[in-house]
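# Structure assessment
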Amino acid sequence: MATSLPRPAPPAGLRRRQALAWAGAAAALGALSGCAELGAARLRLSVQELEQALATRFPRRYPLVPRLLELELLAPRVRLLPESDQLNAVLDVQASGALLGGRRPRGVLDVDFGLRYEPADHSIRSERVQLNLLRLEELPPAVAEQLLRYGAPLAEQALSDVALYRLRPEDVARTESLGVPRIRVTANALVVEFEPRPPR
């Protein structure tokens, strides 16, 4: 019967480096947020926090046809879409301009978008903006037809690559030993999880 030989223990210096690596990661994990769990540091952003971050960009005016047709977008209402790992945003819209004959019709812009981590400035940003709906009430038919062409570019311009959150400098320093975060949309919050890199 073959006997297994005991595996040699790693050199003391290697064991010490591994221990220090994991200790540093553990310190970073515990420092990022009070929601930190063993093995991952978690940052949770509520719907209210996401709406506050987006509100800093609005209201904004977009001249679709100079001096003839302009849209004003107001701060969006945000909804979590855990089934697709996306966010939904609905913005109130008001139109104005010479094409409308003095009227100022109102409507909504409805979009979905994904999220990504940008290591250059340690931010969580919007991406993959998808137009669901751009509707304004009581538009002349010719203006309504023009508006359909502007919907997708307008959604991209308004909500693409928006920074929803930036890590604080102290958190950046504490998470340098961690890997690229994973972003998840849950039923209650946007969750950013920093996983420790395995020791070398």
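Anyway, here's the lowdown on the structure attached to this text.

So, how was this worked out
- Each chain carries its own residue numbering, running from 1 in the written order of its sequence.
- Only residues with pLDDT of at least 70 are given local features in this predicted model, and only at 80 or more are side-chain atom pairs given and counted; all residues enter the totals for whole chains, interfaces and linings.
- Remark: hydrogens and water are excluded; side-chain values derive from all non-hydrogen atoms of the structure.
- For helices the rule is a DSSP run of H or I covering at least 4 residues; for strands it is a run of E covering at least 2, with both sets numbered from the N terminus onward.
- Partly exposed residues are those whose accessible area sits between 20% and 50% of the maximum for their type, while under 20% is buried and over 50% is exposed, using a 1.4 Å probe and protein chains only.
- Here a residue-residue contact requires only that any non-hydrogen atoms of the pair lie within 4.5 Å.
- For the purposes of these results, a polar contact is taken to be a pair of N or O atoms within 3.5 Å, where, inside protein, one atom must be able to donate a hydrogen and its partner to accept one; residues adjacent in sequence count only when each atom of the pair is a side-chain atom.
- Note on definitions: the grid is 1 Å and covers protein atoms alone; a cavity is a set of points where a 1.4 Å probe fits but cannot get out; a pocket is an open set with protein on both sides within 12 Å along at least five of seven lines; lining residues have an atom within 4 Å of a point.
- Grid points are joined across faces, edges and corners, and a volume is the space filled by probe spheres set on the points.
- Three categories are distinguished: nonpolar for Ala, Val, Leu, Ile, Met, Phe, Trp, Tyr, Cys and Pro, charged for Asp, Glu, Lys and Arg, and polar for the others, with Gly belonging to the last.
- If DSSP finds at least two bridges between two strands, the strands pair.
- Note on geometry: axes are lines fitted to C-alpha atoms, helical ones only across the stretch in contact, with angles between N-to-C directions running from 0 to 180 degrees.

## Some details on the overall build of the protein chain
A count of helices and strands for the protein chain gives 4 helices and 10 strands. Written out in order from the N terminus, the α and β elements of the protein chain read α-β-α-β-β-β-β-β-β-α-β-α-β-β. Counting only residues that meet the buried cut, the protein chain has 40% of its 200 residues in that class. Considering only contacts in the protein chain between residues 6 or more positions apart, those separated by 24 or more positions represent 57%.

## Concerning the environment of arginine 128
Within the secondary structure, arginine 128 is located in strand 7 (residues 123-136). Taking the C-alpha atoms as reference points, arginine 128 and phenylalanine 113, separated by 15 residues in sequence, lie 5.4 Å from one another. Side chain to side chain, arginine 128 and glutamate 127 meet in a polar contact 2.3 Å long.

## Description of unusual backbone geometry
In the segment running from phenylalanine 58 into proline 59, the intervening peptide bond is cis, with an omega of 0°. In this structure, aspartate 85 takes a positive phi of about 60° despite not being glycine. The class for aspartate 85 is partly exposed, based on a relative accessible area of 34%. The phi angle at glutamate 138 is positive, at roughly 60°, despite the residue not being glycine. Structurally, glutamate 138 can be placed in the loop between strand 7 and helix 3 (141-159).

## Observations regarding the environment of proline 153
With respect to the helices and strands, the residue proline 153 is situated in helix 3. Expressed as a C-alpha distance, the spacing of proline 153 and glutamine 130, which sit 23 residues apart in the sequence, is 9.9 Å.

## As for the layout of surface pockets
If you add up the space inside the largest pocket, you get close to 180 Å³. For the largest pocket, the lining is made up of 12 residues, of which Tyr117, His122, Thr175, Leu178 and Gly179 are closest to its centre. Partitioning the lining of the largest pocket into residue classes produces 7 nonpolar, 3 polar and 2 charged.

## Structural notes on the sheet that holds strand 1 (residues 41-45)
Where strands meet in a sheet, backbone hydrogen bonds hold them as pairs that are either parallel or antiparallel. Ordered in space as 1-10-9, the 3 strands form an open sheet in which the pairing is antiparallel. This sheet does not close on itself; its edge strands, each paired only once, are strand 1 and strand 9 (182-185). In this sheet, adjacent strand axes meet at a mean angle of 20° when their direction is disregarded. Sheet topology note: the strand 1/strand 10 (residues 190-194) ladder contains 5 bridges and is antiparallel. By the bridge assignment, leucine 45 is partnered in strand 10 with leucine 190.

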